[in-house]
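Remarks on the overall topology
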Amino acid sequence: MAWFSKAPEAPLRVPTEALWNVCKKCGAYTPKAEYAANLKVCPRCGAHGRLTARERIALLADEGTFEEIAAEVIAHDPLGFRDAKDAYAEKVAATRAKTGIGESIVVGAALLDGIPVVLGAMDFRFMGGSLGSGTGERILQAAEAARRLRRPLILCTASGGARMQEGLVSLMQMAKTCAAIQRLRDEGLLYVSVMTDPTTGGVSASFAMVGDLNVAEPKTLIGFAGRRVIETTIKQKLPPEFQTSEYLLEHGFLDKIVARKDLKAFLAKTLRFLTAAK
Amino acid sequence: MATTKKPAAKKAPARKPAAAKKPAPKKAPAAPSAWETVQIARHPNRPLLLDYLAAWDPEACELHGDRLVADDPAMFAGLATIGGERVVLVGHRKGRTTEEKIAYRFGMANPDGYRKAMRVMRLAEKFGLPIVALVDTAGAFPGLDAEARGQAEAIAKNLAEMSTLRAPIVVVVTGEGGSGGALGIAVGDRILMLEHAIYSVISPEGCASILWRDGKMAPQAAEALKLTSGWLKRLGLVDTIIPEPKGGAQNDPAQTAETVKQAILDAIAELRKIPLDELVAQRYAKFAAMGRFAD
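Keep in mind the model is a prediction, meaning the values are calculated, not measured. (Residues numbered from 1 in each chain as written. Chains lettered and ligands numbered in written order. Predicted model: local features only at pLDDT ≥ 70, side-chain atom pairs only at ≥ 80, totals over all residues.)

Quick notes on the overall build of chain A
- When helices and strands are counted, chain A shows 10 helices and 10 strands.
- Taken over the C-alpha trace, chain A has a radius of gyration of 21 Å; the compact-globule value for 278 residues is 19 Å, and the two agree within 12%.
- Contacts in chain A between residues at least 24 apart in sequence constitute 68% of all its contacts with a sequence separation of at least 6. (Helix = DSSP H or I, 4+ residues; strand = E, 2+ residues; numbered from the N terminus. Rg over C-alpha atoms; globule rule 2.2 N^0.38 Å. Contact = placed C-beta atoms within 7 Å.)

Some thoughts on the interface of chain B and chain A
- Contacts between chain B and chain A engage 49 residues on the former and 51 residues on the latter.
- Among the elements of the structure, α5 (144–148), α6 (151–162), α7 (179–183), β7 (198–200), α8 (204–212), α9 (218–225) and α12 (276–288) of chain B are those that each provide at least two residues to the side of chain B that touches chain A.
- Taken together, the residues that form the side of chain B that touches chain A break down as 33 nonpolar, nine polar and seven charged. (Nonpolar A, V, L, I, M, F, W, Y, C, P; charged D, E, K, R; others polar.)

A short note on helix α11 (residues 253–272) of chain B
- The terminal C-alpha atoms of α11 of chain B lie 28 Å apart, and with 20 residues this matches the ideal 28 Å at 1.5 Å per residue to within 8%.
- Among the residues of α11 of chain B, Thr 256, Thr 259, Val 260, Ala 263, Ile 264, Leu 265, Ala 267, Ile 268 and Leu 271 of chain B are the ones counted as buried. (Expected span 1.5 Å × (residues − 1). Buried ≥ 20, exposed ≤ 12 C-beta atoms within 10 Å, placed from the backbone.)

Digging into the packing of helix α2 (residues 49–56) of chain B against α11 of chain B
All names here are of chain B.
- Between α2 and α11, whose axes approach to 10 Å, the crossing angle comes to 75°. By the angle between their directions, the pair α2 and α11 is classed as roughly perpendicular. Here Asp 51, Tyr 52, Ala 55 and Trp 56 of α2 come into contact with α11, specifically with Pro 253, Ala 254, Ala 257, Val 260 and Lys 261.
- Residues that form the contact of α2 with α11 fall into these classes: seven nonpolar, no polar and two charged. (Axes fitted to C-alpha atoms, helices over the stretch in contact; angles between N-to-C directions. Parallel < 35°, antiparallel > 145°, perpendicular 65-115°, else oblique.)

Quick word on the nonpolar core
- Residues Val 90 and Met 193 of chain B are the most contacted members of the largest nonpolar core, which totals 171 residues.
- The leading source of residues in this core is helix α6 (residues 167–186) of chain A, at 11 residues.
- Those residues in contact with Val 90 of chain B that lie beyond four places of it in its chain are Met 75, Phe 76, Ala 77, Ala 117, Val 120, Met 121, Ile 131, Ala 133 and Ile 185 of chain B. (Core = buried A, V, L, I, M, F, W, Y, C linked by C-beta atoms within 7 Å.)

A look at the pairing of strand β7 (residues 191–200) of chain A
Residue and element names in this part refer to chain A.
- Taking burial as the measure, the 10 residues of β7 include 10 buried ones, the bulk of the element.
- The sheet contact formed by strand β6 (residues 153–159) and β7 spans six bridges and is parallel. Residue pairing for β7: Thr 157 is matched across the bridge by Met 195.
- At this point the chain moves from β6, through α6, to the parallel β7, and the crossover so formed is right-handed.
- One ladder, built from four bridges, connects β7 with strand β8 (residues 213–216); its direction is parallel. Note on β8: the bridge partner recorded for Val 192 is Leu 213.
- As defined by bridge partners, β7 adjoins strand β9 (residues 222–223) across two bridges and the pair is classed as parallel. Note on β9: the bridge partner recorded for Thr 199 is Ile 222. (Pairing = 2+ DSSP bridges. Right-handed = clockwise from strand over helix to strand, strands pointing away.)

Side note on the domain arrangement of chain A
Residue and element names in this part refer to chain A.
- Taken as a whole, chain A is organised into domain 1 (15–47) and domain 2 (50–275).
- A separation of 24 Å is found between the C-alpha centroids of domain 1 and domain 2.
- Considering only residue class, the side of domain 1 that touches domain 2 consists of three nonpolar, one polar and one charged. (Domains from an automatic or database assignment.)

A look at the confidence of the model for chain B
- Of the residues in chain B, 89% reach a pLDDT of 70 or more, and the chain-wide mean stands at 91.
- Within the model, pLDDT remains below 50 along residues 1–22 of chain B, and this stretch shows 44 contacts once partners closer than five positions in the same chain are excluded. (pLDDT = per-residue confidence, 0-100.)

Details of the environment of Arg 147 of chain A
- Turning to its location among the elements, Arg 147 of chain A is positioned in helix α5 (residues 133–149).
- Contact partners of Arg 147 of chain A, with chain neighbours within four places excluded, come to Arg 183, Leu 184, Glu 187 and Leu 189 of chain A.

Description of helix α4 (residues 88–99) of chain A
Residue and element names in this part refer to chain A.
- Relative to the 16 Å expected for 12 residues at 1.5 Å per residue, α4 spans 16 Å between its end C-alpha atoms, a close match to the ideal helical length.
- Of the residues making up α4, those classed as buried are Tyr 88, Ala 89 and Val 92. The buried residues of α4 all sit within an arc of 100° when viewed along its axis, so they share a single face. Residues of α4 that are exposed and point over 90 degrees away from its buried face: Ala 94, Ala 97 and Lys 98.
- Backbone geometry just after α4 places Gly 100 at a positive phi near 75°. (Arc of directions from axis to C-beta.)

With respect to unusual backbone geometry
- With an omega of -15°, the peptide bond running from Asp 197 of chain A to Pro 198 of chain A counts as cis.
- Looking at the element boundaries, Pro 198 of chain A is found in strand β7.
- If you check the backbone angles, Lys 226 of chain B has positive phi at about 50° while not being a glycine.
- Following the sequence through the fold, Lys 226 of chain B ends up in the loop between α9 and α10 (229–234).

Quick notes on the pairing of strand β4 (residues 105–112) of chain A
All names here are of chain A.
- Burial runs high along β4: six of the eight residues are buried.
- Where strand β3 (residues 67–69) meets β4, three bridges bridge the pair, whose relative direction is antiparallel. Residue pairing across strands places Glu 68 opposite Gly 108, the latter belonging to β4.
- Summarising the sheet, β4 and strand β5 (residues 115–122) pair through eight bridges and their orientation is antiparallel. Within β5, the residue paired with Ala 110 across the bridge is Val 117.
- Linking β4 to β5, which pair antiparallel, is a turn of two residues; within it Asp 113 sits at a positive phi near 50°.

Structure, rendered in structure tokens:
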């Protein structure tokens, strides 16, 4: 066979992404193992990468103490929704299989540095962390468990907002989750909202913003309307720091920005301080 | 008056997760398509808050300001008498003329608007008055100042506080119920909706541009979103559909104002019979049941 008609051999290389994490903010290469050991925070620029719900729970709950609540509540398809390509029911089933979780949030009872809490963590891999009916129901059940058990509630958000494939049912989860949390707070219990990247749309405009304490990780995207929508509406460019946790802190909507490595210690200290008398 | 009967149950209908197959409904709820309904809901001559107010109570007393930074003209709040009933009225204010539309930001409120509405609704709680919320907005205003002053926080706080407000709350979706900007004043004991109004988590155009990657697919998205009164009643998210004159409210605004008034009075009369503790408990149960599905 002539050399020029020979099929080229497959290049001898392992894809970069398999061994290295490439920071989305600064482009720095970090060995995967080192990146994981650093809690998925870029060692060069400090950008906080996204954690899965299970990783977040492992970060905050004492080992072996997390008992999941409402695991049987899973995403439903109330509208029989179908877009140009996919049926929502199929998409959500595939997402369930891929992520191993039934909805975009995992909630449960746990100990945090020995303190009994109810803890929830959203997972951006699940339909962009969107707020579906199952998500809302899980949050409601978490809030009701916290009330029943007289424990603080901690919810870590990571979401693009409402899940439009569930239509108005999804929008109503904003009211539902806020109602559940308001009841909890009215009974003198503590609710801490931990916003992680991203926390936008209907999630920012509901349970994420009504914490007794609102905290966020550094450089987290937090906002109601999308950047492009705003730029088109007001016909001007937005400053780069717009809708970051630093911007929200400056404008008075966050109590504190807490780095991931300090998050558990911060929560433990604050929970002890506020609830010591009870 | 030709209002539909009060809701039989607060619970959302139990539904199986739909099969992957086309969920073709057996019979469409109403004659106009979803996209035609969107056009009626946005019709330039559709009665607005200002028209309802003029018909019900030209002497209504508007109350201004959120007591923090501003008075948002896109949100009305005030004291009105509807058919002899003293109420606190809040609602999105769109304009009719171009000048009005610009002045009222096309009915898209800033955080100041939501905070003003909440402040005035507290008066109802204090003085034992029912609240009527008229919903008609494309959404909360997407702006730099709106974000800087906490659009998300303002809406979130309203959702939380309205859920326990000790006053009867009647919500009427009169035109466009646009997403969080609509919901920010729409946590109530009775959710009424005009026949050809729409209520949706996202505009059909927005949904089409994301899921179809083409804003021109809005008619398909409108259909898929089930944003019409008939569908929303079936889904248990709306209690009462208020019928409109043939072809839509714009064809007979006076008659529409009368029908809506009667529906509001009926709802208030019904809610007045419920003790406040019970009312707040029922409101919680109502929203808790939304999106809860039996397998």
